[in-house]
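If you want the building blocks of each chain, they are given just below.
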Amino acid sequence: MGKKYWRCTVCNDVHFGVEPPKVCPTCKQVNVYVEITMEEAVKLLQA
Ligand SMILES: [Zn+2]
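Notes on the structure in this doc start here. In this convention, every chain numbers its residues from 1, walking through the sequence in written order. Local features in a predicted model are, by the rule used here, given only for residues with pLDDT of at least 70; side-chain atom pairs are given and counted only at 80 or more, and totals for whole chains, interfaces and linings are based on all residues. The side-chain numbers reported here are obtained from all heavy atoms of the structure, hydrogens and water having been left aside.

Okay, the coordination of the zinc ion next. Donor selection uses N, O and S atoms within 2.8 Å of the metal (3.2 Å for Na, K and Ca). Since no water is included, sites may look incomplete. In this structure, Cys8 (SG), Cys11 (SG), Cys24 (SG) and Cys27 (SG) serve as the protein donors to the zinc ion, at separations of 2.2 to 2.3 Å. Spacing between the donor residues of the zinc ion along their common chain follows C-x2-C-x12-C-x2-C. In this pair, Cys8 is assigned in strand E1 (residues 4-8) and Cys24 in the loop between strand E2 (14-17) and strand E3 (33-36), connecting sequence segments 16 residues apart. One exposure class covers both Cys8 and Cys24, and it is buried. Labels follow the DSSP assignment, with helices taken as runs of H or I lasting at least four residues and strands as runs of E lasting at least two, numbered in each case from the N terminus. Accessible area is worked out with a 1.4 Å probe on protein chains only. A residue is then buried under 20% of its type maximum, exposed over 50%, and partly exposed in between.

Okay, here's the thing in structure tokens:
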């Protein structure tokens, strides 16, 4: 599969995909995503 979880370092938006979005759809910042673990993603999505 190769899909990973990514987190926007500005607004904590979580994205699941092969690559992070170039532009965050929530805060409109560019190149702000970092890879996170599935556990981190679950925590963020539940918050
Ligand atoms: Zn963002």
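Next, the rest of the story.
A few words now on the environment of Leu45. One can find Leu45 in helix H1 (residues 38-46). With 31 residues separating them in the primary sequence, Leu45 and Val14 have C-alpha atoms 7.4 Å apart.

Our next topic: the nonpolar core. Trp6, Cys8, Cys24, Cys27, Val32 and Tyr33 together form the largest nonpolar core, which totals 6 residues. Ignoring sequence-local partners within four residues, the contact set of Trp6 consists of Asp13, Val14, His15, Gly17, Val18, Glu19, Pro20, Tyr33, Val34, Glu35 and Ile36. The nonpolar core is taken to be a set of buried Ala, Val, Leu, Ile, Met, Phe, Trp, Tyr and Cys residues, with the residues joined through side-chain atoms within 4.5 Å. Whether two residues are in contact is decided by their heavy atoms, any of which lying within 4.5 Å being enough.

On to the pattern of salt bridges. A pair is scored as a salt bridge if a Lys or Arg side-chain nitrogen falls within 4 Å of a carboxyl oxygen belonging to Asp or Glu. All told, the structure shown has 1 salt bridge when counted by the stated rule. We note a salt bridge from Glu35 to Lys4, for which the minimum N-O separation is 3.9 Å. Taken as a pair, Glu35 in strand E3 and Lys4 in strand E1 lie far apart in primary sequence, 31 residues in all. Of the residues examined, Glu35 reaches a relative accessible area of 48% and is grouped as partly exposed.

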